[in-house]
Amino acid sequence: MKIYTKQGDGGTTSLLGGEKTKKNDSRVWTYGTVDEANSYLGFAKALIVDERIKDIIIHVQKDLFEVGAELASIGTKDYKERITEELVCNLEKIIDEIDKEKIALKSFVIPGGTKESAALDISRAIVRKAERYAVSLEDSYKLNKNLLKYLNRLSDLIYILARLIDYNYVLDKSTEKIKFIINCNKKINRELAEYIVHRCIKKSEEINVSTVICITDNSGNPIMLQRMDNALLASIEIARNKAYSAAVLKMNTDKLYHLAKPEGELYGIGNMANIVTFGGGVPLKIAEEVIGAIGVSGGTVKQDTIVAEYGAEIFKEVQSYGIKG
């Protein structure tokens, strides 16, 4: 069977169900633009390596076949609403999940951060065009409101996927720089400290506590200190002292609690200036060498310890795998 039929040589095409119309029919413009968006999403998918994003695109592409079919049947006896509120809600759920990753979207973004995000930005612009064509159809036909909502949410989803790719690209580049600094200098620089603090803030939010987080060098000198909204002011000094104690004594401060008891080997150490003998301070090590410490204060001792130990794990993660966002 030949691929060409010659049936469209006169400038006409068939709508769903067989009805003929001109190829410049507004319905053809609209579903043709949806097909264009679907094709460009396929191009973006071929460039992207992130399996989660690829799976999202595949599901969207399948939905777009339904969008095209509905548009190709508008005004015919075979018209059927195919785009449901559930499909719209599915897009919103994905957008909300990605939004939890707290990608900064504070201004307009110039497309072209990466080839993958650039392909997605073109796809988004084409979806916007399809939406405009769909809106114009309302002048002549009764249109499924869920279809318009779907196209609108889809452009939002594609936009945030592009920004996620750009965000991860920047983090990956930062990883290379941070690993080089750690391996060559065995020091914690401001960029690494900021990353650990950023991740610890997310952890604090996860366990519903406002904390102060301090990162120091191996001498206990602060590199970065950040106070979350509503964290106790007293926690500023406590977090700094926890980090100092962990750095200069080269141990978790919760271990000091037992050692500082009357029967302990370090009884009385709690009377020394800046020494804290309860949980929330953890040294940061490369192999067994302490190159810094983290101190957390603001919650219960258990909560502070959870966040501080999480920060130490993030430090190890950066050494092994790099920054993950």
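Residues numbered from 1 in each chain as written. Predicted model: local features only at pLDDT ≥ 70, side-chain atom pairs only at ≥ 80, totals over all residues. Heavy atoms only, no water.

Chemist: What should I look at first to understand the packing of helix α1 (residues 26-47) against helix α4 (residues 115-137) in this one?
Modeler: Describing two packed helices takes the angle between their axes plus the distance from one axis to the other. Close contact between α1 and α4 brings their axes to 8 Å; oriented N to C, the two are set at 165 degrees. Between α1 and α4, the angle falls in the class roughly antiparallel. Like other packed secondary-structure pairs, α1 and α4 cross with a definite hand, here left-handed. Of the residues in the contact of α1 with α4, the class split is 17 nonpolar, four polar and five charged. (Axes fitted to C-alpha atoms, helices over the stretch in contact; angles between N-to-C directions. Helix = DSSP H or I, 4+ residues; strand = E, 2+ residues; numbered from the N terminus. Parallel < 35°, antiparallel > 145°, perpendicular 65-115°, else oblique. Left-handed = near helix turned anticlockwise from the far one by under 90°. Nonpolar A, V, L, I, M, F, W, Y, C, P; charged D, E, K, R; others polar.)

Chemist: So what exactly am I meant to see when it comes to the packing of aromatic side chains here?
Modeler: Each aromatic ring pair is specified by the distance between its two centres and by the angle formed by the two planes. In the structure shown here, the tally under the stated rule is two aromatic pairs. Ring centres of tyrosine 40 and phenylalanine 43 lie 5.5 Å apart, and the angle between their planes is 80 degrees; this geometry places the pair in the edge-to-face category. Of this pair, tyrosine 40 and phenylalanine 43 both sit in helix α1, three residues apart, roughly one helical turn. The aromatic ring of tyrosine 159 is capped on one face by arginine 163, whose charged end is 4.9 Å from the ring centroid. The ring centre of tyrosine 310 lies 5.2 Å from the NZ or CZ of lysine 203, which sits over that ring. (Phe/Tyr/Trp six-rings, centres within 6.5 Å; stacked < 30°, edge-to-face > 60°. Lys NZ or Arg CZ within 6 Å of the ring centre and 35° of its normal.)

Chemist: Please clarify how the packing of α1 against helix α2 (residues 51-71) should be interpreted in this entry.
Modeler: Where α1 meets α2, the closest approach of the two axes is 10 Å, and the angle between their N-to-C directions is 165 degrees. Overall, the two elements α1 and α2 adopt an arrangement that is roughly antiparallel. Our pair here, α1 against α2, has a crossing hand that is left-handed. Between α1 and α2, the residues in contact are Arg27, Thr30, Tyr31, Val34, Asn38, Leu41, Gly42 and Lys45 and Lys54, Ile57, Ile58, Val60, Gln61, Leu64, Phe65, Val67, Gly68 and Leu71, respectively. Here the contact of α1 with α2 is built from residues that sort into ten nonpolar, five polar and three charged. (Contact = heavy atoms within 4.5 Å.)

Chemist: What should I look at first to understand the environment of cysteine 214 in this one?
Modeler: For cysteine 214, the position within the fold is in strand β3 (residues 212-217). Separated by 79 residues in sequence, cysteine 214 and alanine 293 have C-alpha atoms that sit 8.2 Å apart.

Chemist: Can you walk me through the pairing of β3 in this structure?
Modeler: For a regular strand, the rule is simple: side chains alternate between the two faces of the sheet. With five of six residues buried, β3 lies mostly within the body of the structure. Across five bridges, β3 lies against strand β4 (residues 222-227) in antiparallel orientation. From the neighbouring strand, threonine 216 faces β4, where its bridge partner is proline 222. In sequence, β3 turns back onto β4 through a hairpin of four residues, with glycine 220 there showing a positive phi of about 85 degrees. By the bridge criterion, six bridges tie β3 to strand β6 (residues 289-297) in an arrangement that is antiparallel. Within β6, the residue paired with cysteine 214 across the bridge is glycine 295. (Buried < 20%, exposed > 50% of the residue type's maximum accessible area, 1.4 Å probe, protein only. Pairing = 2+ DSSP bridges.)

Chemist: Would you mind going over the sheet that holds β3 with me for this structure?
Modeler: Two pairing modes exist for strands in a sheet, parallel and antiparallel, and in both the strands are linked by backbone hydrogen bonds. Pairing is antiparallel in the open sheet, where four strands are placed in the order β4-β3-β6-β5. Only two strands of the sheet have a single neighbouring strand rather than two, namely β4 and β5 (281-286). Sheet twist, expressed as the mean angle between neighbouring strand axes with direction ignored, is 15 degrees. Sheet contacts for helix α6 (residues 190-206): β3, β4, β5 and β6; angle to β4, the most-contacted strand, approximately 30 degrees.

Chemist: Even after reading the chapter, I still don't get the pairing of β5, so can you show me in this structure?
Modeler: β5 sits mainly inside the fold: five of its six residues count as buried. In the sheet, β5 pairs with β6 via six bridges, with the strands oriented antiparallel. When the bridges of β6 are listed, glycine 281 appears paired with glycine 295. Counting the residues between successive antiparallel strands, the hairpin from β5 to β6 contains two residues, one of them, alanine 287, with a positive phi of roughly 60 degrees.

Chemist: Sorry if this is basic, but what is going on with the environment of valine 248 here?
Modeler: Examined against the element boundaries, valine 248 turns out to sit in helix α7 (residues 234-249). Measuring from C-alpha to C-alpha, the distance between valine 248 and glycine 292 comes to 9.0 Å, with 44 residues separating the pair along the chain. Setting aside residues up to four positions removed in sequence, valine 248 forms contacts with Ser219 and Ile275.

Chemist: When you look at unusual backbone geometry in this model, what are you seeing that I'm missing?
Modeler: Most peptide bonds adopt trans geometry, and most residues besides glycine take a negative phi value. Within the chain, asparagine 230 stands out as a residue other than glycine whose phi angle is a positive 75 degrees. Tracing the backbone shows asparagine 230 in the loop between β4 and α7.

Chemist: What am I meant to see in the pattern of salt bridges here?
Modeler: When the charged atoms of two side chains with opposite charge come close together, those side chains can pair. One pass over the full model with this rule turns up 18 salt bridges. With a closest N to O distance of 3.8 Å, lysine 129 and glutamate 36 form a salt bridge. Taken as a pair, lysine 129 in helix α4 and glutamate 36 in helix α1 lie far apart in primary sequence, 93 residues in all. Arginine 163 serves as the salt-bridge partner of aspartate 166, at 3.0 Å between the closest nitrogen and oxygen. Of this pair, aspartate 166 and arginine 163 both sit in helix α5 (residues 145-185), three residues apart, which is roughly one turn of that helix. (Salt bridge = Lys/Arg side-chain N within 4 Å of Asp/Glu carboxyl O.)

Chemist: Explanation requested: a nonpolar patch on the surface in the structure shown.
Modeler: Together, Tyr257, Phe278 and Val301 make up a nonpolar patch on the protein surface, roughly 280 Å² of accessible area in all. Exposure remark for valine 301: the relative accessible area of 43% places this residue in the partly exposed category. (Patch = residues over 30% accessible without salt bridge, like charges linked within 9 Å, V, L, I, M, F, W, Y side chains within 5 Å. Areas by Shrake-Rupley, 256 points an atom, 1.4 Å probe, with all protein chains shown as cover.)

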